Amino acid sequence: MMLRYGIAALALAAMTGAIAFHQPATAGTESPKIAASAHVYDTYCAQCHGVQRNGKGVNTIGLSVQPRDHSDTVGMSSLPREQMIKAITDGGASVNKSALMPAWSAVLSKEQIEDMADYLTYVCKCNQGK
Amino acid sequence: MRGLAVKGPLLLAASTAVAVMALAVRPASVGAQAPGSELTSQCASCHALTKPADATLDRLWSRKGPDLWYAGDKFNRDWLVAWLQKPTVIRPGGVLWFKHAKPGEPRDTIDSAAVEKHPAVDAATAGRLADQLLSLKSDGLVPEGAFKPEAANAAMGKLGFSKLRGCVACHQDAPGTGGVSGPELYDAGQRLRPDYVIAYTRNPQQFDPHIWMPTLTLSDPDLQRITGYVTSLGKESK
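Keep in mind that what you see is a predicted model, and the values were worked out from it rather than measured.

### Some details on the packing of aromatic side chains
Centre distance and the angle of the planes are the two values used to describe a pair of aromatic rings.
Stage number 1. Under the definition given, this model contains 14 aromatic pairs over all chains.
Stage number 2. When the ring of Tyr44 of chain A is compared with that of Trp104 of chain A, the centres are 5.6 Å apart and the planes differ by 55°; the resulting orientation is tilted. You can see Tyr44 of chain A sitting in helix α3 (residues 32-49) and its partner Trp104 of chain A sitting in the loop between α5 (81-90) and α6 (110-123), a full 60 residues away along the chain. For the pair Tyr44 of chain A and Trp104 of chain A, one class covers both residues: buried.
Stage number 3. Every member of this aromatic cluster is reached through a ring pair, and the members are Trp69, Tyr70, Tyr196, Tyr200 and Phe207 of chain B.

### Focus: the packing of helix α5 (residues 77-85) of chain B against helix α6 (residues 123-134) of chain B
All names here are of chain B.
Stage number 1. Taken N-terminus to C-terminus, the directions of α5 and α6 make an angle of 135°; their axes are 8 Å apart at the nearest point. On the basis of their axis angle, the class for α5 and α6 is oblique. Relative to α6, α5 is oriented so that their crossing is right-handed. On α6, the residues that touch Arg77, Leu80, Val81, Leu84 and Gln85 of α5 are Ala123, Ala126, Gly127, Leu129, Ala130, Asp131, Leu133 and Leu134.
Stage number 2. For the contact of α5 with α6, a count of residues per class yields 9 nonpolar, 2 polar and 2 charged.

### Let's talk about the packing of α5 of chain A against α6 of chain A
All names here are of chain A.
Stage number 1. Where α5 meets α6, the closest approach of the two axes is 9 Å, and the angle between their N-to-C directions is 125°. Overall, the two elements α5 and α6 adopt an arrangement that is oblique. The hand of the α5/α6 crossing is right-handed. When α5 is examined against α6, the residues Arg81, Met84, Ile85, Ile88 and Thr89 are found in contact with a partner set consisting of Ile113, Glu114, Met116, Ala117, Asp118, Leu120 and Thr121.
Stage number 2. Of the residues in the contact of α5 with α6, the class split is 7 nonpolar, 2 polar and 3 charged.

### With respect to the state of the cysteines
Here, disulfide denotes a covalent bond that connects the sulfur atoms of two cysteines.
Residue and element names in this part refer to chain A.
Stage number 1. Within this structure, the stated rule accounts for 1 disulfide over all chains.
Stage number 2. Paired through a disulfide, Cys124 and Cys126 show a sulfur-sulfur distance of 2.0 Å. A torsion of -135° about the S-S bond marks the disulfide between Cys124 and Cys126 as left-handed.
Stage number 3. Look at Cys124 and you get buried, because its relative accessible area is 1%.
Stage number 4. Accessibility expressed as a relative area gives 23% for Cys126, which makes it partly exposed.
Stage number 5. Left unpaired, Cys45 is separated from the closest cysteine sulfur, that of Cys48, by 9.0 Å.
Stage number 6. According to the relative accessible area criterion, Cys45 is buried, its value standing at 14%.
Stage number 7. We classify Cys48 as buried; its relative accessible area is 14%.

Reading the values: the criteria
- Residues numbered from 1 in each chain as written.
- Chains lettered and ligands numbered in written order.
- Predicted model: local features only at pLDDT ≥ 70, side-chain atom pairs only at ≥ 80, totals over all residues.
- Heavy atoms only, no water.
- Phe/Tyr/Trp six-rings, centres within 6.5 Å; stacked < 30°, edge-to-face > 60°.
- Helix = DSSP H or I, 4+ residues; strand = E, 2+ residues; numbered from the N terminus.
- Buried < 20%, exposed > 50% of the residue type's maximum accessible area, 1.4 Å probe, protein only.
- Axes fitted to C-alpha atoms, helices over the stretch in contact; angles between N-to-C directions.
- Parallel < 35°, antiparallel > 145°, perpendicular 65-115°, else oblique.
- Left-handed = near helix turned anticlockwise from the far one by under 90°.
- Contact = heavy atoms within 4.5 Å.
- Nonpolar A, V, L, I, M, F, W, Y, C, P; charged D, E, K, R; others polar.
- Disulfide = S-S within 2.5 Å.

Just geometry here; none of it tells us what the structure is for.
In structure tokens:
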């Protein structure tokens, strides 16, 4: 039992740690939609795109093409919303990018993917001029 | 604080599941030695032994161990018996890699020291547990004979695994080679049944609708080759 609680406490500490670390990307006045997308991102995207959304996920050790840095305002600004949605839905190959970016249509709904495109625009601060 | 908020209902759900299990697995004839009773009492706190009724994303975030409700379609008995006595790390990032991930340069890392260690049991218990685990079936998710050994081409499969299809992004096919958000596969030849490997790779969401392995677009020949490669891993060392 002691061991179990120890592990739980550790896990919780690790989790809060991780959340605290990428506050910059998600802090501030979060709408429920943004918060929900952030959670989806943590589950599916951060493994490659990084817990800080900077393209440096734990899995990049096994990747020959590096994932997009979603925190890069300049780089992400040149990515049209339609292309983001296509890449997330049908994978990198569908937009002539690396097939190492998988298709997520079997896991995420159309609505979740559209919300994710909004979330990515929020993360890269791409709409600040507007 | 999401984790905390869901804990109460989850515990409740878990104990209900245990209760349901206990009722469900007791065959009318042999009450006292109901198969699965040992599993239920010792393992159900961390592992789902029946298909979860609420397969939500929150469940994936709060579960303490991988699902075992399809263990009978998944594991080789020899591996189970050996592993239960001497567990090794299968998921380098723990049950949910995110909980152990730390941001860093040049990339995020896993805090390996915090990854859960598995309880071990003695040989006799391991044998009994293995038999109980092998009685847990998925009810048709793993068609018998889907993998055709004669069509497998491990060399082509390796190419698919490491380059073309990007499995190596999330899975290690040798210790230290590959991503860490999924289970290592370098001993998959000992651990996993080929028909399970092909069924899981074809459609991971059949096993859990929210798991973070995507459904990759793979043709049947692709699947056969990759499965041939995956199930050849770790064979030589046994």
